[in-house]
Amino acid sequence: MNASLLTLPFRLIGFALWFAKEIVVSSLAVVRDSLTPGHASTPRVVRMELGEVSDLHVVMISILITLTPGTLTLGQLGGGTGFREILVHSMYHEDDESALADLHDMDQRMTRSITIGGRS
Amino acid sequence: MSVLTVIAYVLILAGVVVFAGAGVGLLKFRDTYMRASAVGTAAGLGIALVTIGAVLTMPTTANLVKAAVAVVLQLATAAVGSTIIARAAVNSGHAFAPGTSLIDLDEADAKLAGMPLTEESGPRPSGETSEGSSV
Amino acid sequence: MTPLDIAIVCIAAVLLASVYRIVAGPTAADRAVAADLLTFSVVGILVLIGARWERLGTFDLVLIATLVSFLAAVSARGLMGGRR
């Protein structure tokens, strides 16, 4: 993967387009639940392990998760140094595994799009 | 109508749809966390879409600059604001809707043995500390 | 009725929904969340009024409202009391 400054704008645009698609897709679940009678949501709280990452990384992934319809960051666990974990509330994932798979997919895509020369 | 105006109206329409979703969600969802989720989305994306759409109807340089700053600030702060409220709700023991799967939260509680989310245990210091790193 | 008028009416309806949630509650966090959405509805309506009547200067208001709403969310946290 070429993580140079030169490709940064293209990677950012690519990520923005993917994120826009993701928002449309997850909006559909929310809209369907909102417009039909009864409740289709299967709410859950999952612990997402981010690993050894910077403060900026934690803040950015938290913001992106909250901006995505149906998911909400509840906060970071622990003292805020070393190994990072955040708690995420999800409304429309069938189980914890699929929720974490989607969240980690977003984390990896974000990391790839903002990395410059090996550091996020 | 010019092409620019059409684009502007489409963006404003998208923003209004996001807003309407948050309004319906606020009335219909069962607990604080689902409502905060709906509002977090609308606050960031709804305002951003409406503002971009509005500025395209009168695109002077000054307006474009102000709107760009407003959109960036809005995207950065709105989601953090919702997270802050949700985190305070968890810390103060607001109930989750019946049926919510809380395995990970209970595990985290047991592991931290009563340590509240993101902040050190013990008495609260008078000033707020490490806000940026703890969100 | 221009499209902008319709948009203003829709966001005004969202504003009423958030007022209902502030009145009905039931918890302090629900009211805080609803107050958040109330602020953003007002900002959205301000933006659209600016576009509708071509008032310059509305974007200054939007900039300030953005920052104030963030401060409101931060202080709402302090109102929720008890710690887990």
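Calculation rules
- Residues numbered from 1 in each chain as written.
- Chains lettered and ligands numbered in written order.
- Predicted model: local features only at pLDDT ≥ 70, side-chain atom pairs only at ≥ 80, totals over all residues.
- Heavy atoms only, no water.
- Helix = DSSP H or I, 4+ residues; strand = E, 2+ residues; numbered from the N terminus.
- Buried < 20%, exposed > 50% of the residue type's maximum accessible area, 1.4 Å probe, protein only.
- Contact = heavy atoms within 4.5 Å.
- Areas by Shrake-Rupley, 256 points an atom, 1.4 Å probe, with all protein chains shown as cover.
- Buried area = accessible area lost by both parts, 1.4 Å probe.
- Salt bridge = Lys/Arg side-chain N within 4 Å of Asp/Glu carboxyl O.
- Polar contact = N/O pair within 3.5 Å; in protein donor to acceptor, adjacent residues only side chain to side chain.
- Axes fitted to C-alpha atoms, helices over the stretch in contact; angles between N-to-C directions.
- Parallel < 35°, antiparallel > 145°, perpendicular 65-115°, else oblique.
- Left-handed = near helix turned anticlockwise from the far one by under 90°.
- Nonpolar A, V, L, I, M, F, W, Y, C, P; charged D, E, K, R; others polar.
- Core = buried A, V, L, I, M, F, W, Y, C linked by side-chain atoms within 4.5 Å.
- pLDDT = per-residue confidence, 0-100.

Whenever I open this one, the overall build of chain B confuses me. Can you help?
Counting its regular elements, chain B contains five helices and zero strands. Start at the N end of chain B and walk to the C end: the helices and strands fall as α-α-α-α-α. Counting over 135 residues, chain B shows a buried share of 53%. Of the contacts made within chain B by residues no fewer than 6 positions apart, 72% connect residues no fewer than 24 positions apart. Total accessible area on chain B is roughly 5,300 Å²; 72% of this is exposed by carbon and sulfur atoms.

How do you make sense of the interface of chain B and chain A when you look at a structure like this?
Often, the extent of an interface is quoted as the loss of accessible area on bringing the components together. Counting residues at the interface gives 40 residues for chain B and 39 residues for chain A. Both faces considered, chain B and chain A share a buried interface measuring about 3,200 Å² in area, 63% of it formed by carbon and sulfur atoms. Run the count over chain B and chain A and you get zero salt bridges. Inspection of the region where chain B meets chain A yields three residue pairs in polar contact (both at pLDDT 80 or more). Within the residue set of the side of chain B that touches chain A, elements represented by two or more residues are α1 (3-28), α2 (32-57), α3 (61-91), α4 (103-112) and α5 (131-134) of chain B. In terms of residues, the side of chain B that touches chain A owes the most to one element, α3(B), which gives nine residues.

I keep staring at the packing of α3(B) against helix α2 (residues 28-52) of chain C and nothing clicks. Help me out?
A pair of packed helices is characterised by two quantities: the angle between their axes and the separation of those axes. Two elements in contact, α3(B) and α2(C), have axes separated by 9 Å at closest approach and are oriented at 165°. Between α3(B) and α2(C), the angle is such that the two are roughly antiparallel. Here α3(B) and α2(C) pass one another in a crossing that is right-handed. Touching Gln74(B), Ala78(B), Ser82(B), Ile85(B) and Ala89(B) of α3(B) are Ala29(C), Ala32(C), Val33(C), Asp36(C) and Phe40(C), all from α2(C). Among the residues forming the contact of α3(B) with α2(C), the class breakdown is seven nonpolar, two polar and one charged.

I'm lost on the environment of Ala54(B) in this one. Help?
Note that Ala54(B) resides in helix α2. The sequence separation of Ala54(B) and Val80(B) amounts to 26 residues, and the corresponding C-alpha distance is 24 Å. When sequence neighbours within four positions are dropped, the list of residues in contact with Ala54(B) reads Ile12(B), Val47(C), Ala51(C) and Phe59(C).

What's the story with the interface of chain B and chain C in this structure? I'm lost.
Of the residues lining the interface, 54 residues belong to chain B; the matching set on chain C comes to 48 residues. Carbon and sulfur atoms supply 72% of the area buried between chain B and chain C, which totals about 4,300 Å² over both sides. Here chain B is connected to chain C by two salt bridges. The closest approach of N and O atoms between Lys66(B) and Asp60(C), which form a salt bridge, is 3.1 Å. Joining chain B to chain C, the criterion identifies six residue pairs in polar contact (both at pLDDT 80 or more). Broken down by element, the side of chain B that touches chain C gets its largest block of residues, 19 residues, from α3(B). Among the residues forming the side of chain B that touches chain C, the class breakdown is 30 nonpolar, 15 polar and nine charged.

What is the right way to read the nonpolar core from this model?
Nonpolar side chains tend to gather and get buried jointly when the protein is soluble and globular. Ranked by internal contacts, the top residues of the largest apolar core, which has 52 residues, are Leu74(A), Leu37(C) and Leu48(C). When contributions to this core are tallied by element, the ones reaching two or more residues are β2 (71-77) of chain A, α1, α2 and α3 of chain B together with α1 (3-24), α2 and α3 (58-79) of chain C. Ranked by the residues each element gives to this core, the list is headed by α2(C), at 11 residues. Discounting chain neighbours no more than four positions away, the residues touching Leu37(C) are Phe19(B), Ala22(B), Gly23(B), Leu26(B), Val39(B), Ala42(B), Val14(C) and Ser18(C).

Explanation requested: the confidence of the model for chain B in the structure shown.
Reading predicted coordinates in detail is not appropriate for stretches of low pLDDT. All names here are of chain B. Confidence along chain B averages 75 in pLDDT terms, with 79% of residues attaining 70 or more. Mean pLDDT values over the elements of chain B span from 36, in α5, up to 86, in α1. Note that residues 119-135 has pLDDT below 50 and, in this model, 26 contacts with residues that lie over four places away or in other chains.

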